[in-house]
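Breakdown of the fold
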Amino acid sequence: MANQNEWLWLKRISIHLEVNNVCNAMCPMCYDRNYIDADQNVKRLENNCNYQVSFVEFKRWFSNEFFMEHSIKKLTICGTESEPTLNNDLEKMIKYIKEKQPSTLIRISTNGSTHKETWWEDFGKNLKQFKSTIQVIVGIDGIGTNHERYRLNTNYYQIIKNMQAFIKGGGTAVWQFIVFDHNQEDLNAAKEIALKMGFYDFIAKYSNYLSREKRKELTFKWKGKTIQLKSSEANELNEKQTNNSSNIECYSKQKNEIFISYKGIVYPCSWIKSSLKGSYGLTETEGSLNILKKFSVREASIHQKGINAILKDKRKWQELQDSWDEVSTSPKVCDLYCGKRKHETQCYFDIASKENEGPERQDKIN
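Each chain carries its own residue numbering, running from 1 in the written order of its sequence. With pLDDT at 70 or above as the cut-off, local features in this predicted model cover only qualifying residues; side-chain atom pairs require 80 or more to be listed or tallied, and sums for whole chains, interfaces and linings still use all residues. Excluding hydrogens and water, the side-chain values take into account all heavy atoms of the structure.

1. Side note on the overall build of the protein chain
For helices the rule is a DSSP run of H or I covering at least 4 residues; for strands it is a run of E covering at least 2, with both sets numbered from the N terminus onward. Helices and strands together make up the secondary structure of the protein chain, namely 16 helices and 14 strands. Type-normalised accessible area, obtained with a 1.4 Å probe on protein chains alone, sets the label of each residue: buried when under 20%, exposed when over 50%, and partly exposed for intermediate values. Going through the 366 residues of the protein chain one by one, you find that 57% of them count as buried. The contact criterion used is simple: two residues touch if any of their non-hydrogen atoms lie within 4.5 Å. Considering only contacts in the protein chain between residues 6 or more positions apart, those separated by 24 or more positions represent 75%. In the form shown here, the protein chain has an accessible surface area of approximately 17,000 Å², with 47% of it arising from carbon and sulfur atoms. For accessible areas, the Shrake-Rupley method is used with a probe of radius 1.4 Å. Any residue's cover is judged against the shown protein chains and nothing else.

Now the structure itself:
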């Protein structure tokens, strides 16, 4: 049975924010942006726009009225279609939040392969005053060409130069490493590089990209070359930690966190946004789909209601929670990502952790 306690948005919330739908990378399992065609070539989805949330729009979303009712504990600038550093107003947005609420932890996720060293050094200098309360999380999945097997259309050596410049400028950088079969032997060496370069932290992320599709490997083509991805052997450790329960432990509710897309739609999480877009290939029941559609343009748009009004609409949030009690209404995407057995697919290593230590569950750390 689902927890029958009322879904209550506390005053101090966390927000996962998407500031554009533009990205330079071509990651093959980023299904909100890319797809693999019948000939196994990785291609870009036609999204009909390259939208950037403007600073003016951003301030309307997070107006004085918003801050009268809520404060932001953590702001994660990432998204499912977004490379944040390609939004020219990114720095203005960061500084605006810091002016409104200096205590907010801001984390910007990037592939690090945008711009040149001078841009990154200036970015670091401009964020230096905020020290560790603003972190840039850069995805570097291996050393050299191993990194580029998944992060297509990025350049490992340019990323390293960019991060050296960012750290030199005074910025706080965190290395995030998605572990696959082909790069797992790079893990300890990458941690050593991170330490020498002055990264603030190192994250090893054991992804469920392949397991959620019930496959052990993925084959695709990029620039005429056939590439194969396989799950890491370390996933066996995660599988041993699982249990047979399928009860929902909602990440959004536990963390008091919402997701806001570049269109200004408020979702419980990015996973529901992606599922509604069809990125996971899930076939929802009529009942579960009706529940998910409550988080739509008409009912969950900041442009029409504002964040405060959307969070006050207790009926919508409570209906989602109540849906977990019945198979006919419980969304498959909720079970996929927040079923009790699923949280173990993403793990953290601390940069100072011992080599033989096992991974920590992400849901115990965040």
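What follows picks up the thread again.
2. Digging into helix α4 (residues 117-127)
Among the residues of α4, those classed as buried are Trp120, Glu121, Phe123, Gly124 and Leu127. An end-on view of α4 places all buried positions within 160° of arc, on one side of the element. Directions from the helix axis toward the C-beta atoms define the arc.

3. So, the pattern of salt bridges
The salt bridge definition used is simple: a Lys or Arg side-chain nitrogen within 4 Å of an Asp or Glu carboxyl oxygen. All chains considered together, the criterion is met by 15 salt bridges. Note that Glu81 and Lys277 form a salt bridge whose closest N and O atoms lie 3.1 Å from each other. One end of the pair, Glu81, is in the loop between β4 (71-77) and α3 (90-100); the other, Lys277, is in helix α10 (residues 270-277), with 196 residues separating them in the sequence. A salt bridge links Lys294 to Glu319, with the nearest nitrogen and oxygen atoms 2.5 Å apart.

4. A short note on helix α7 (residues 187-197)
Along α7, the residues classified as buried are Leu187, Ala190, Lys191, Ala194 and Met197. Mapping the buried residues of α7 onto a view down its axis gives an arc of 130°, with all of them on the same face. In the core, the buried residues of α7 are packed alongside α6 (156-169), β7 (172-178) and β8 (201-205).

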